[in-house]
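A look at the structure
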Amino acid sequence: MNTQVNAVPESPLGSQAAAAVMSETRPLYWSIRRELWENRSIYIAPLAVAAVYLLGFLISLFWVPRSMRGMGAHESLPPVNVLAMPYSHASMLIMLIALLVGIFYSLDALNSERRDRSILFWKSLPVSDLTTVLSKASIPLVVLPLITLAITVALHLIMLLLNAAVRLVSSSGTGVPWAPPLFEMELVTLYATAVMALWHAPLYGWFLLVSGWARRATFLWAVLPPLALAATEYIVFHTSYLDSLLQNRLYGFAAGAFDLKDKNGVPIDAHFIPLAQLAPGRFLSSPGLWIGLVFAAIFLAAAVRMRRYRDPL
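Residues numbered from 1 in each chain as written. Predicted model: local features only at pLDDT ≥ 70, side-chain atom pairs only at ≥ 80, totals over all residues. Heavy atoms only, no water.

Right, let's talk about the packing of aromatic side chains for a bit. For the structure on display, the rule yields 9 aromatic pairs. A centroid spacing of 6.1 Å and a plane angle of 45° characterise the contact between W30 and W37, whose relative ring orientation is tilted. By relative accessible area, which is 37% here, W30 ends up partly exposed. (Phe/Tyr/Trp six-rings, centres within 6.5 Å; stacked < 30°, edge-to-face > 60°. Buried < 20%, exposed > 50% of the residue type's maximum accessible area, 1.4 Å probe, protein only.)

To continue, consider the layout of surface pockets. Of the voids in this model, the largest pocket is the one considered here, and its volume is about 740 Å³. Sorting the residues of the lining of the largest pocket by element identifies α8 (201–213), α9 (218–237), α10 (241–251) and α13 (287–309) as the ones contributing at least two each. If you tally residues by element for the lining of the largest pocket, the top one is α10, at 8 residues. Looking at the lining of the largest pocket residue by residue, the class counts come to 19 nonpolar, 4 polar and 2 charged. Approximately 550 Å³ is the volume found for the second largest pocket. If you trace the second largest pocket, you find 20 residues lining it, with M92, M95, A192, A270 and I273 closest to the centre. Only α4 (79–115), α7 (182–199) and α11 (253–257) provide two or more residues apiece to the lining of the second largest pocket. Among the elements that make up the lining of the second largest pocket, the one with the highest residue count is α4 (6 residues). Residues of the lining of the second largest pocket, tallied by class, amount to 16 nonpolar, 4 polar and no charged. (1 Å grid on protein atoms, 1.4 Å probe; cavity = no way out; pocket = protein on both sides within 12 Å on 5 of 7 lines; lining within 4 Å. Points joined across faces, edges and corners; volume = space filled by probe spheres on them. Helix = DSSP H or I, 4+ residues; strand = E, 2+ residues; numbered from the N terminus. Nonpolar A, V, L, I, M, F, W, Y, C, P; charged D, E, K, R; others polar.)

A few words now on the packing of α9 against α10. Two elements in contact, α9 and α10, have axes separated by 7 Å at closest approach and are oriented at 140°. Classified by the angle their axes make, α9 and α10 are oblique. Across the interface between the two elements, P226, L229, A230 and E233 from α9 touch Y241, L242, D243 and L246 from α10. (Axes fitted to C-alpha atoms, helices over the stretch in contact; angles between N-to-C directions. Parallel < 35°, antiparallel > 145°, perpendicular 65-115°, else oblique. Contact = heavy atoms within 4.5 Å.)

Okay, the pattern of salt bridges next. All told, the structure shown has 8 salt bridges when counted by the stated rule. For R34, the salt bridge goes to E35, with nearest N and O atoms at 3.5 Å. Here R34 and E35 have matching classes, each one buried. Where E38 meets R34, a salt bridge forms, and the shortest distance between an N and an O atom there is 3.8 Å. Remark: R34 and E38 occur in helix α1 (residues 12–38); sequence separation between them is 4 residues, near one turn of the helix. Shared partners join several salt bridges into a network, and the residues in it are R34, E35, E38 and K136. (Salt bridge = Lys/Arg side-chain N within 4 Å of Asp/Glu carboxyl O.)

Have a look at this one:
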C-alpha cells in the first residue's frame, strides 16, 4: 500500500527574505549584547545612584510627620509640587548620571578597541563597520534611555511603597495627601527620556567620531576645539553665537518640548509638569531637532569610515 505525502515546498523568496532579515539583525543584536557585557557601567552606575538616593529617602522618612505638618512652609508651591519633589529629584539625578555615562561611553567606545588591539579580532568576524558603529551608537540613544526609564519607574514605586508603609506604621498624616500623581509623572518621564535622547544625538555622534579618530585624550579632543572656537569668536568678533549653540544643544530641549509657562505667562515649577504642558508637536517640528539629527547621521557615517581605515594604537 503506497502512501503519498504531498509536501508544499517552501517559497525560495520567503526563505531568502527571512535569511536576509536574520543576517542583518542578529549581528546588530549580538553586538549590542557585547557592549553590555563589556561596559557594565551602563547599568551599574544608574543602579548605584538609585540605591544611594533610596537610602537617603528612607532616612528622610523618619521626618515625614514633621515635613507633612510643615508643608505650609512651601506656600508658593501647590501641594502636588511639594509631594512630587523627591520623585522628580530622583528622575533628574538618574537622567543626569545617564547623560554622563552616555558621554564617557561614547568617548571610549571606538578608542578602547584600538587601544587594546581587540579591533583586529572584531574585524575578523563577519560584522561590518556599519553594524559595529550602529551598535555602539544605540547604547546612549536607545539602550541607556530604556535602562534609565526602567530604573526610575522601579525607584518611584519603591519610594511610594516605603512612604505608605512608614505612614501606616506611624499613623501620621491621616487625611493628608501624601502621594503625587505617579502615573502622570511616569508618562512625563518617558517623554522627557525620549526627548533628551533625540536632542543629544549629535553630541553622541560627535563623541563617537572623536573616539574613532583620536589616539588618546579623547575627552580633551572632543571638548577643547569647540570651546577654543567659541573663545576665539568672542575675542575676535565680540559675539557668542557658538557658545549659545553649545548651551542650547545641552539643555535647550526643555523650551521646545515643554510649555514652561501657564496660561497667564507665569513660569511653572519643574518638580511637577502636567501632561497638558507637554508640547511634542512643537518639539518634533523644531528645526533644531532635525538639524541635530542630520549632523548626528553625518558624524556616525564619518565614524564608520574612520573605523574602516584606522589602525590599532
